[in-house]
Each structure stands twice: as structure tokens, then as C-alpha cells.
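Observations on the model geometry
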Amino acid sequence: MALLRIRGWINREQSKRTFINTTGDHWITVAFVLLETLGFVVSVPHDVLSVIYFVTLFIYTIYIFLVIKVQIFSGVGLFCVYLLLFVQSGFLMQFVYNPICQEAHYVVIAYNVLAPVLLSILKSRIHHTKTQLKHVEFKEIWLELFFYVGVVSMIVYYVSAGFIPLFAEDGENARVAAMAGRGKFVVLASNCFTFAILLTKSKVKRVIRLALSVLLLIGTGYRSSALELLLLLFIVFIIGNGRKYIAKGIAFVILLCFLYSIIGVLRSNTAWSWVGLYKPMLWRFYVNSSNLGVIIERFPKNQFMLGKAFIQDISVLLPGAQDTFMTQLKTIMNYQFPGGSLTPTLFGEGYYNWSYLGAVFWPLFILTLVVLLDDYIKYHFDGRIYYIF
């Protein structure tokens with residue numbers, strides 16, 4: 001039913017057919033602004049740079065969601081929300097952890113200023129003529145096939161690894177060793193599970209497939225794939241059922257964060273404690289911002305990759321164990337910690353490829369692609385295809 005409601009909801013939006021929402025999601029924007037203000041008030045010290053950062057982030061949030069009125073649950077909206085939660089907000093949490101270098105502040109301040117300008121320009125230039133939406137039917141047999149391809153792919157992963165990384169004694173390093181040369185199986189499985197579950201009409205089948213998918217993905221020791229799937233279904237539920245379920249939705253997100261922390265404790269094989277549960281929840285909103293600062297400080301100024309890092313990352317699709325550039329990033333920067341690679345974010349990717357210019361304009365380039373793809377797919381295909389995108 002949720003998927004049918006989504007299709008009806010998107011069809012009602014056909015007159016607009018852009019990433020812009022004329023009403024805006026005001027309640028979410030207010031929550032963001034309040035959290036940003038709280039983070040700034042409790043953070044110390046309040047130097048000039050932190051004040052400038054807060055002001056630009058405050059204006060960025062207001063302008064994106066209230067002036068331009070970007071729709072929260074569109075592809076563009078989710079892109080902006082992701083950066084807001086997992087990159088931009090981290091600079092307001094330095095009082096809990098460690099300070100982030102000034103150069104990283106400058107990079108994100110520039111993005112905070114330029115992104116609203118870019119979205120305003122794109123908004124003014126996107127115009128459509130009325131068109132017939134393409135409707136694609138998916139038979140249940142195809143969904144079954146996709147789901148079982150995912151299951152078989154995960155079985156191959158675990159059999160070839162010889163163990164379940166989540167329950168290994170040294171979870172951080174075990175998951176990295178198990179993933180070497182086998183990541184393609186997990187990626188294939190995750191995509192197959194997502195496709196099959198989101199398009200399953202039977203509620204019972206959807207729940208069963210979801211439960212099996214989450215268990216199979218969490219066993220790898222990597223939480224992101226399983227929790228991304230749960231988050232996608234949460235978004236389906238909210239869009240399909242309306243705002244009367246917002247309270248339940250918030251409870252679901254809190255449950256996801258709690259689950260995320262529990263898996264982190266299991267993976268690191270540490271003793272159980274409430275501190276061990278809530279700290280990973282807060283750390284998740286800070287760590288990417290911190291990583292950007294580390295990359296800017298430690299990456300050698302004479303080794304910028306000029307785009308070659310992206311080619312190396314694509315090479316993981318080749319047979320055998322291929323190292324991504326992110327895996328080598330630790331060695332290049334002489335930065336050691338247990339586990340796998342350092343998550344660079346779009347800002348960090350841009351920096352180690354093209355220095356500060358790349359750090360600012362690479363996220364803006366990706367934002368432009370997201371806007372154009374989001375708008376094209378929403379305008380030319382029905383709700384289910386749009387949501388899979």
C-alpha cells in the first residue's frame with residue numbers, strides 16, 4: 001500500500017515535477033535550525049571562525065528548505081540532508097571531541113555559500129512541458145529472482161571468507177580481511193535486496209525479505225548496507241502514510257541509531273556500557289568532518305591525484321582483490337587506526353584529487369548531477385522507478 005500511495009503522491013506532484021516543494025517541510029527545517037543553534041551555543045570557544053561557520057550554516061539551512069523549498073524526501077533533499085547531518089553538523093560538535101583544522105572550516109563555509117546560489121540557478125533554468133510518465137511493471141517472479149540472487153551472493157561471500165566477521169575476535173580487522181576481493185558480492189546482494197524489497201507488494205513477504213536481508217548484511221561487520229536499507233523503507237513509509245506517523249518515524253530513527261551503536265560494540269569486542277552506546281551515535285555525526293580535517297592536514301601537497309583516485313576506486317570491479325584509493329589513504333598520510341579505510345566524504349575526495357578547488361567544487365558538481373538526474377527521472381518515470389533512483 002505504501003508504494004501505491006507513493007505513486008499517487010508523486011502523480012499529484014506532476015504539475016511541479018521538480019525537486020522543489022512549494023509548501024516546504026517546515027517542521028524538519030525548524031528541527032535542523034534548533035539543533036544547529038543548540039550545537040553552536042554549547043560549543044566552546046566561540047571564536048570568529050566558529051561564528052562565521054554557524055551563520056553560513058544557519059542561512060544555508062533556511063535558504064535551502066524555506067526559501068528555495070527543496071523537498072526533503074526528493075533525491076536533492078536527501079543529498080542535502082545527508083551532508084547537513086554527516087558533514088556540516090560535525091563542525092558544531094568539536095567541544096565533544098577534538099578541534100577540526102581551520103582550512104576544513106573554510107572549505108565547508110565556501111560550500112555553504114555557493115550551494116544555495118547553485119540551486120537557485122538550477123531552479124530558474126529547469127522547465128518542463130507536460131509528458132506521459134513511463135510505467136514499468138515488475139512481476140513477482142523477477143522480484144523473487146533478484147532476492148535469491150542476493151541471498152546466493154551473500155552465501156558465496158561467507159563461504160569464501162570462511163567466517164562471520166561480525167562475531168570475529170578482532171572485528172575491526174576481520175571485516176576488512178573478509179571484504180578483500182569479496183566486496184562485489186556484498187554490493188550485488190545489497191542492490192538486489194533493495195530492488196526486491198521495495199517493489200514487493202505483499203506485506204508479509206516484504207517483512208520476511210527485509211529481516212533476512214538485514215541479517216545477511218550485518219554479518220559482514222559493515223553496518224551501512226543494512227541500515228541504509230532500513231532507512232530507505234522508513235522513507236517509503238513516511239511518504240506513503242503521511243505526517244501522522246512522524247512520531248513513529250522518529251522512534252524508528254532512534255532505534256536505528258541504537259542498533260548502529262550496538263553493532264559497533266559487537267564489532268569492536270568491547271565491554272557493554274551506556275557510554276559505549278551513546279558515544280558512537282554522536283561520533284557518527286562528527287567523524288566525517290574530522291576526517292576532512294585530517295585529510296587536509298596530512299595529505300602530501302605534492303601528491304594530488306588529479307582524478308586518478310576515481311579510476312583506482314572503479315578498479316575494484318575487476319577480478320581479485322583490488323585496493324581502493326581510500327584504503328591506501330591511511331598509508332599515504334601515515335595515519336594508523338584499526339579497521340579499514342578512512343571515509344573522505346565528497347569534500348575530502350575533491351581535496352586529495354584537486355586541492356582546495358576540488359574540495360569546494362567537487363561536491364557542487366555532484367549536487368548538480370543529483371539535481372538533473374532527480375528531476376529527469378521524476379518527470380519521465382512513475383513513482384516506483386523514481387524511488388529506486
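What you see as residue numbers is a count from 1 along each chain, following the sequence as written. In view of the model being predicted, local features appear only for residues whose pLDDT reaches at least 70, and side-chain atom pairs are presented and counted only at 80 or more, with totals across whole chains, interfaces and linings using the full set of residues. Neither water nor hydrogens contribute to the side-chain values; these are computed over all heavy atoms in the structure.

1. Here's the deal with the nonpolar core
Put simply, a nonpolar core is a bunch of buried Ala, Val, Leu, Ile, Met, Phe, Trp, Tyr and Cys residues held in one set by side-chain atoms that sit within 4.5 Å of each other. Burial classification: accessible surface area is computed with a 1.4 Å probe over protein chains only, and a residue below 20% of its type maximum counts as buried, one above 50% as exposed, and the rest as partly exposed. Of all hydrophobic cores here, the largest spans 62 residues; its most connected members are F65, Y111, L119 and L367. Of all the secondary structure elements, the ones that give two or more residues to this core are helix 2 (26–42), helix 3 (48–67), helix 4 (75–86), helix 5 (102–125), helix 12 (274–298), helix 13 (308–314), helix 14 (325–333) and helix 15 (345–380). For helices the rule is a DSSP run of H or I covering at least 4 residues; for strands it is a run of E covering at least 2, with both sets numbered from the N terminus onward. It is helix 15 that contributes the most residues to this core, twelve residues altogether. M179, V186, A196 and L217 belong to the second-largest nonpolar core, a separate cluster that totals 24 residues.

2. A look at the side chain of R209
As for its placement among the helices and strands, R209 is situated in helix 9 (residues 203–218). Accessibility expressed as a relative area gives 4% for R209, which makes it buried. Should any heavy atoms of two residues lie within 4.5 Å, those residues are considered in contact. Not counting residues up to four positions away in its chain, the partners in contact with R209 are E140, L143, E144, F147, A196, I197 and T200.

3. Structural notes on the pattern of salt bridges
Every case where a carboxyl oxygen of Asp or Glu lies within 4 Å of a side-chain nitrogen of Lys or Arg is listed as a salt bridge. Across all of its chains, the model carries two salt bridges by this definition. Between E144 and K205 there is a salt bridge whose closest N-O contact spans 3.5 Å. Taken together, the residues span a long stretch of sequence, with E144 in helix 6 (residues 140–161) and K205 in helix 9 at a distance of 61 residues. What makes E144 partly exposed here is its relative accessible area of 22%. Across the salt bridge formed by R209 and E144, the nearest N and O atoms sit 2.9 Å from each other. Residue R209 is found in helix 9, and its partner E144 is found in helix 6; the two are separated by 65 residues along the sequence. Salt bridges sharing partners connect three or more residues here, namely E144, K205 and R209.

4. Description of helix 9
The span you would expect from a helix comes to 1.5 Å times its residue count less one. Between the first and last C-alpha of helix 9 there are 22 Å, a value that for 16 residues agrees with the 22 Å anticipated at 1.5 Å per step. Within helix 9 the residues assigned to the buried category are R206, R209, L210, S213, V214, L217 and I218. Seen end-on, helix 9 carries its buried residues on one side only, within an arc spanning 145°. Of the exposed residues in helix 9, the ones pointing more than 90 degrees away from its buried face are V204, V207 and L215. Throughout, the arc means that of the directions going from the helix axis to the C-beta atoms.

5. Focus on helix 6
Its 22 residues give helix 6 an end-to-end C-alpha distance of 32 Å, which sits within 8% of 32 Å, the value for a rise of 1.5 Å per residue. Immediately downstream of helix 6, the backbone of G162 shows phi near 85°, a positive value.

6. Here we look at a nonpolar patch on the surface
Residues forming no salt bridge and having over 30% relative accessible area are the ones grouped into patches, like charges within 9 Å of each other and nonpolar side chains (Val, Leu, Ile, Met, Phe, Trp, Tyr) within 5 Å. Computed by Shrake-Rupley with a 1.4 Å probe, the accessible areas treat only the displayed protein chains as cover when residues are assessed. A cluster of nonpolar side chains, L35, L38, V41, V42, F95, V96 and L282, forms an exposed patch at the surface whose accessible area comes to about 580 Å². Here the nonpolar patch gets four residues from one element, more than from any other, and that element is helix 2. Turning to its location among the elements, L35 is positioned in helix 2. For L35, a relative accessible area of 54% gives the class exposed.

7. Concerning the packing of helix 5 against helix 15
Here helix 5 crosses helix 15 at 25°, and the two axes come no closer than 10 Å. Between helix 5 and helix 15, the interaxial angle falls into the category roughly parallel. Helix-helix and strand crossings are classified by hand; for helix 5 and helix 15 the assignment is right-handed. Contacts between helix 5 and helix 15 involve E103, V107, A110, Y111, L114, A115, L118, L119 and L122 from the first element and F347, Y356, A359, V360, F361, P363, L364, L367, T368 and V371 from the second. Residues were grouped as follows: Ala, Val, Leu, Ile, Met, Phe, Trp, Tyr, Cys and Pro as nonpolar; Asp, Glu, Lys and Arg as charged; and all remaining residues, including Gly, as polar. Residue composition of the contact of helix 5 with helix 15, grouped by class: 17 nonpolar, one polar and one charged. Angular values range over 0 to 180 degrees, each being the angle between N-to-C directions of two axes fitted as lines to C-alpha atoms, with helices fitted over their stretch in contact. Roughly parallel covers angles under 35 degrees, roughly antiparallel covers those over 145, roughly perpendicular covers 65 to 115, and oblique covers all other angles. Crossing chirality is assigned from the near helix's rotation relative to the far helix, an anticlockwise turn below a right angle marking it left-handed and a clockwise turn marking it right-handed.

8. Quick word on the confidence of the model for the protein
Per-residue confidence from the predictor is reported as pLDDT, a score between 0 and 100. The predicted model of the protein has a mean per-residue pLDDT of 77, with 71% of residues at 70 or higher. No element of the protein has a lower mean pLDDT than helix 1 (residues 2–12), which averages 46, and none a higher one than helix 5, which averages 93. Contacts of residues 1–7 to residues separated by more than four positions or lying in other chains number 16 contacts, the stretch itself having pLDDT below 50. Counting interchain partners and residues more than four positions distant, the pLDDT-below-50 stretch residues 9–17 has 17 contacts.

9. A word on the environment of G307
In this fold, G307 is placed in the loop between helix 12 and helix 13. On a C-alpha basis, the gap between G307 and N353 in space is 5.4 Å, while along the polypeptide they are 46 residues apart. Residues within four places of G307 in sequence aside, it is in contact with N353 and W354.

10. Digging into the environment of L212
When you line up the elements, L212 lands in helix 9. In this structure L212 comes out as partly exposed when scored by relative accessible area, which is 42%. A sequence separation of 19 residues divides L212 from F193, and the C-alpha atoms of the two residues are 9.4 Å apart.

11. Some words on unusual backbone geometry
The backbone of K69 shows a phi angle near 65°, a positive value even though the residue is not glycine. When you line up the elements, K69 lands in the loop between helix 3 and helix 4. For K69, a relative accessible area of 27% corresponds to the partly exposed category. Phi at T345 is positive, roughly 65°, even though this residue is not glycine. Counting through the fold element by element, T345 comes out in helix 15. Classification of T345 as buried rests on a relative accessible area of 12%.

12. Some words on the packing of aromatic side chains
Any Phe, Tyr or Trp ring, taking Trp's six-membered ring, that has another such ring centre within 6.5 Å forms a pair; planes under 30 degrees apart are called stacked, those over 60 apart edge-to-face, and the others tilted. In total, this model carries 18 aromatic pairs according to the counting rule given. Between F147 and F193, the ring centres sit 5.5 Å apart and the planes meet at 50°, which makes this aromatic pair tilted. Remark: F193 occurs in helix 8 (residues 183–198) and F147 occurs in helix 6; sequence separation between them is 46 residues. Side by side, F147 and F193 carry an identical accessibility label, which is buried. Consider the rings of W354 and W362, whose centres lie 5.8 Å apart with planes at 50°: the pair is tilted. We classify W362 as buried; its relative accessible area is 17%. In this structure an aromatic cluster arises from ring pairing among F299, F304, Y351, Y352 and Y356. The ring of F147 carries R209 above its face, with NZ or CZ at 5.6 Å from the centroid. A ring has a charge above it when a Lys NZ or an Arg CZ is no more than 6 Å from the ring centre and no more than 35 degrees off the ring normal.

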